[in-house]
Amino acid sequence: MVSKVLITGATGDLGEKIAHAFLKKPQEFETTLIIRKEGIANKREKVDQFRAKGAKIIEGDLDNLEDLARACKGQDYVVSSAAIVHLYAGQETKLIKAAHEAGVKRFMPSQYTSDYNLLPKEELMTAIHYEHLIGAVQKIEETGMEWTCILNGNFNQYQYCKLQGFDPQAGIVTCVEDGNHKISAMSTEDIGRFIPEIIVDPFAKNRYIRLEGHTYTRRQIKTIAEEIWGKKFELINFTIDEIIKQREDNGKFDETWAPRYQELFYKWNRMANFEGISDNWRYPNVVPQPLHAWFQHLKDHPDQYDYGGVRQY
């Protein structure tokens, strides 16, 4: 029996990978994508590729309840991969409402991140808005729909960029304190490949599923980077006190989120360290790309990345 799945955010980096993973399984899924009019116009090549692979495209806005109701009608599953700016705007809340009213069986919110459930609430509130990390699950539970959340640590695209203190061009890796705490990360490609396996898994009903691409300390990352780039990297250490002072001196959330996250990963390490506790073994058909391969790709295609922040797409 073919299941029907609706995906949001398909023109973004992660959403595109999720969409293509479902479209590779036409015998299992009928895939629908809701895309804004501007997205269809501005990313025509992507949209044409989706259509060529069998996707049904619905032009609609995540702010418009009528559009969401039309998109959710008849769907078994909804996979949200909306960008964080849309989460802040409350659009996922509207999507949850539309999915519930349409009789959707299971909802996967856009929370592909670390395990913020482990943080004290006062820490969580300073990291990112509570409503969009834990509040979404509560809203889904209130409707009676099933839910599944993905915890993957960090994205490779964010973990290994200048914004997070990794700069292969300059040969620099930054770390907090001694650099021996571990952080898990995974590529958006690998996350996407896991989602079709997880969304139909009975075990994943009303659960957080932990995925581990790879888990390394910053010192280990330095060693692997030196091997791939063939040069010495400098390890620059920051203390927790220095990070806190930098944040307090700056006083702006949007310019200090990277040091803040590094601080949280150090203080509450299990929120982003899934070594030995991941659910990868449940999905043997998906084998994540090793970090060596990711670094080799990064070295071979530096033009695809903006070392000041995120991947260009």
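Rules behind the numbers
- Residues numbered from 1 in each chain as written.
- Predicted model: local features only at pLDDT ≥ 70, side-chain atom pairs only at ≥ 80, totals over all residues.
- Heavy atoms only, no water.
- Helix = DSSP H or I, 4+ residues; strand = E, 2+ residues; numbered from the N terminus.
- Contact = heavy atoms within 4.5 Å.
- Areas by Shrake-Rupley, 256 points an atom, 1.4 Å probe, with all protein chains shown as cover.
- Buried < 20%, exposed > 50% of the residue type's maximum accessible area, 1.4 Å probe, protein only.
- Salt bridge = Lys/Arg side-chain N within 4 Å of Asp/Glu carboxyl O.
- Axes fitted to C-alpha atoms, helices over the stretch in contact; angles between N-to-C directions.
- Parallel < 35°, antiparallel > 145°, perpendicular 65-115°, else oblique.
- Left-handed = near helix turned anticlockwise from the far one by under 90°.
- Core = buried A, V, L, I, M, F, W, Y, C linked by side-chain atoms within 4.5 Å.
- Pairing = 2+ DSSP bridges.
- Nonpolar A, V, L, I, M, F, W, Y, C, P; charged D, E, K, R; others polar.

This paragraph deals with the overall build of the chain. When you go through the chain residue by residue, the secondary structure sums to 14 helices and 13 strands. Of the contacts formed within the chain by residues at least 6 apart in sequence, a portion of 79% connects residues at least 24 apart. In the structure as shown, the chain presents an accessible area of about 14,200 Å², 50% of it carried by carbon and sulfur atoms.

For Glu177, which is not a glycine, the phi torsion comes out positive at approximately 55°. You can see Glu177 is positioned in the loop between strand 9 (172–176) and strand 10 (182–186). The exposure class assigned to Glu177 is partly exposed, which follows from its relative accessible area of 27%. In this model, Asn206 sits at a positive phi of 55°, which is unusual for a non-glycine residue. Judged by its relative accessible area of 34%, Asn206 is partly exposed.

Before going further, it helps to examine the pattern of salt bridges. Any two side chains of opposite charge can pair if their charged atoms end up close together. One pass over the structure, following the stated rule, counts 14 salt bridges. Asp63 is paired through a salt bridge with Lys94; the nearest N and O atoms lie 3.3 Å apart. Taken together, the positions of Asp63 in the loop between strand 3 (56–59) and helix 4 (65–72) and Lys94 in helix 6 (residues 91–101) put the pair 31 residues apart, joining distant regions of the chain. The salt bridge partner of Lys97 is Glu101, with a shortest N-O separation of 2.6 Å. In this pair, Lys97 and Glu101 both sit in helix 6, 4 residues apart, roughly one turn of the helix. For Lys97, a relative accessible area of 40% gives the class partly exposed.

The subject of this paragraph is the packing of helix 1 (residues 13–23) against helix 10 (residues 188–199). Following both chains from N to C, one finds helix 1 and helix 10 inclined at 45°, their axes separated by 8 Å at the closest point. In this view, helix 1 runs oblique relative to helix 10, as classed from their interaxial angle. Read as a crossing pair, helix 1 and helix 10 show a hand that is right-handed. Of the residues in helix 10, those touching helix 1 at Asp13, Leu14, Lys17, Ile18, Ala21 and Phe22 are Thr188, Glu189, Ile191, Gly192, Arg193, Ile195, Pro196 and Ile199.

With that settled, the discussion passes to the nonpolar core. Ranked by size, the top nonpolar core spans 33 residues in total, and within it Phe22, Leu33, Phe50, Val79, Tyr112, Ile195 and Ile198 carry the most contacts. Counting residues per element, the ones that place at least two in this core are strand 1 (3–8), helix 1, strand 2 (29–35), helix 3 (44–52), strand 4 (77–80) and helix 10. Those residues in contact with Phe50 that sit more than four places away from it in its chain are Ala10, Glu16, Ala19, His20, Leu23, Leu33, Ile35, Ala55 and Ile57. Listed in part, the 20 residues of the second largest apolar core include Ile34, Cys72, Leu95 and Val104.

Spatial ordering of the open sheet is given by 3-2-1-4-5-6-11, a layout of 7 strands whose pairing is parallel. At either margin of the open sheet sits one strand with a lone partner, and together these are strand 3 and strand 11 (207–210). Adjacent strand axes in the sheet meet at a mean angle of 20°, parallel and antiparallel pairs treated alike. Bridge count between strand 1 and strand 4: 4 bridges; the pairing is parallel. Residue pairing across strands places Leu6 opposite Val78, the latter belonging to strand 4.

What follows deals with the packing of helix 4 against helix 6. With their axes 9 Å apart at the nearest point, helix 4 and helix 6 run at an angle of 45° to one another. It follows that helix 4 is oblique to helix 6 by the angle criterion. Handedness of the helix 4/helix 6 crossing: right-handed. Of the residues in helix 6, those touching helix 4 at Leu65, Leu68, Ala69 and Cys72 are Lys94, Leu95, Lys97, Ala98 and Ala99. Class assignment of the residues belonging to the contact of helix 4 with helix 6 gives a composition of 7 nonpolar, no polar and 2 charged.

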